[in-house]
Amino acid sequence: MMSAPVMAADLACLITKNNTNPFFVKMKEGAEAAAKTAGLDFKAYAGVTDGDAAPQITAIENCVAAGAKGILITPSNDSVGPALKDARAAGLLVIALDTPLADKDAQDMTFATDNFQAGLLIGQWAAAKLGADGVKTAKIAMLDINKDNISVDVARDTGFLKGFGIDVPDLAVLGSETDTRVIGHETSNANPEGGQSGMENLLAKDPDINVVYTINEPAAEGAFQALKSAGKEKGVLIVSVDGGCPGVANVKAGVIGATSQQYPLLMASKGIEAIVTFAKDGTKPAASDGLSFFNTGVNLVTDQPADGVPSIDTAKGTELCWG
């Protein structure tokens, strides 16, 4: 028996955290292009800032009301979970992109970077660059999204700390470490303005910070501006995650020492493929390699390779970048 074709009226929805971050802009472009190729109708929605759940909940409800076949979402936080569970109960396929929800019943599958691995790589690189003596005396600034324990935030943050060699008692909670080398955690809202203000706050606590972890490259850009304004941009290692073209350019320019590159186009296209398959015959995606999510890959990008830490240079990173 032949499976039913995707109908012209079948709808796929994409809901991102905002529509300004290049990561989400590129994700929208990828999803829209894949939907067009597959013959799906497509609608895109977004919050205003990271952690802004109310517009996402409204978007989920609108997609259900419109009879969508599936939703792709980068959830702002776990408060969108009940609305997503309602969507699943209404017969929609729900795919989380990049940011899995804590409630496993709120999504059918996640297509994402291994965010813990992304953090681990930049932590290992920073430790290798500092050397054993430098690691012992490091003063580390942590610029997270916010204090809400968003899964992507926690995974990158704790991955970095573990990679650097710092004990993290609870991998599910931001700031559970007690190591005095961590000067503090500040909210960046994953944007340049927040990165700058967060970095200024941490420099006020300790002006001798020499390692800066950032949730993403826009936050890293802001952190660098704060360091530059304080005359402290030299001799500070900044590490980040994203791998967008502006971020890779900042690695090449020496603003960021290393970044873990992720692939939003692949997340989006694979998510649309899953909705197409589901619309045809009801098949849902399954994880492989023993993971609970579909791993879309990560590469460390740096022009200062470190022994024992796999990486690609900015020339290759530029070939693979987005935004």
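Above this text is the structure in question.
Residues numbered from 1 in each chain as written. Predicted model: local features only at pLDDT ≥ 70, side-chain atom pairs only at ≥ 80, totals over all residues. Heavy atoms only, no water.

## A few points about the sheet that holds strand β5 (residues 109-112)
In any sheet, the strands associate via hydrogen bonds between backbone groups, in a parallel or an antiparallel arrangement. Here six strands make up an open sheet; going across it, the order is β2-β1-β3-β4-β5-β11 and the pairing parallel. One side of each edge strand has no neighbouring strand; the edge strands of this open sheet are β2 (41-46) and β11 (294-295). (Pairing = 2+ DSSP bridges. Helix = DSSP H or I, 4+ residues; strand = E, 2+ residues; numbered from the N terminus.)

## Re the sheet that holds strand β9 (residues 237-242)
One open sheet accounts for six strands, arranged β7-β6-β8-β9-β10-β12; its pairing is mixed. In this open sheet, the two strands that pair with only one neighbour each are β7 (182-187) and β12 (299-301). Averaged over all pairs of adjacent strands, the angle between strand axes in this sheet comes to 15°, irrespective of strand direction. Where strand β6 (residues 140-144) and β7 come together, five bridges link them in parallel fashion. The partner of D144 across the bridge, within β7, is T187. Strand contacts of helix α4 (residues 115-136): β8 (211-214), β9, β10 (258-261) and β12, with the helix running at about 160° to β9, the strand carrying the most contacts. (Axes fitted to C-alpha atoms, helices over the stretch in contact; angles between N-to-C directions. Contact = heavy atoms within 4.5 Å.)

## Digging into the pairing of β10
Consecutive side chains of a regular strand alternate in pointing toward one face of the sheet and then the other. Residues A258 and S260 line one face of β10 and the alternating positions T259 and Q261 line the opposite face, and both faces are buried. Strand direction decides the pairing type here: β9 and β10, joined by four bridges, are parallel. Across the sheet, the residue bridging to D242 is Q261, located in β10. After leaving β9, the chain enters helix α8 (residues 245-252) and then returns to the sheet as β10, a path that is right-handed. (Buried < 20%, exposed > 50% of the residue type's maximum accessible area, 1.4 Å probe, protein only. Right-handed = clockwise from strand over helix to strand, strands pointing away.)

## Structural notes on the state of the cysteines
What the rule picks out here adds up to two disulfides. Note on cysteine connectivity: C13 is disulfide-linked to C63, with sulfurs 2.3 Å apart. Across the S-S bond of C13 and C63 the torsion is about -115°, and the bridge reads as left-handed. Note that C13 is positioned in strand β1 (residues 11-16) and C63 in helix α2 (residues 54-65), a separation of 50 residues in sequence. The class of C63 is buried, set by a relative accessible area of 0%. Between the sulfur of C245 and that of C321 lies a disulfide, 2.0 Å long from S to S. (Disulfide = S-S within 2.5 Å.)

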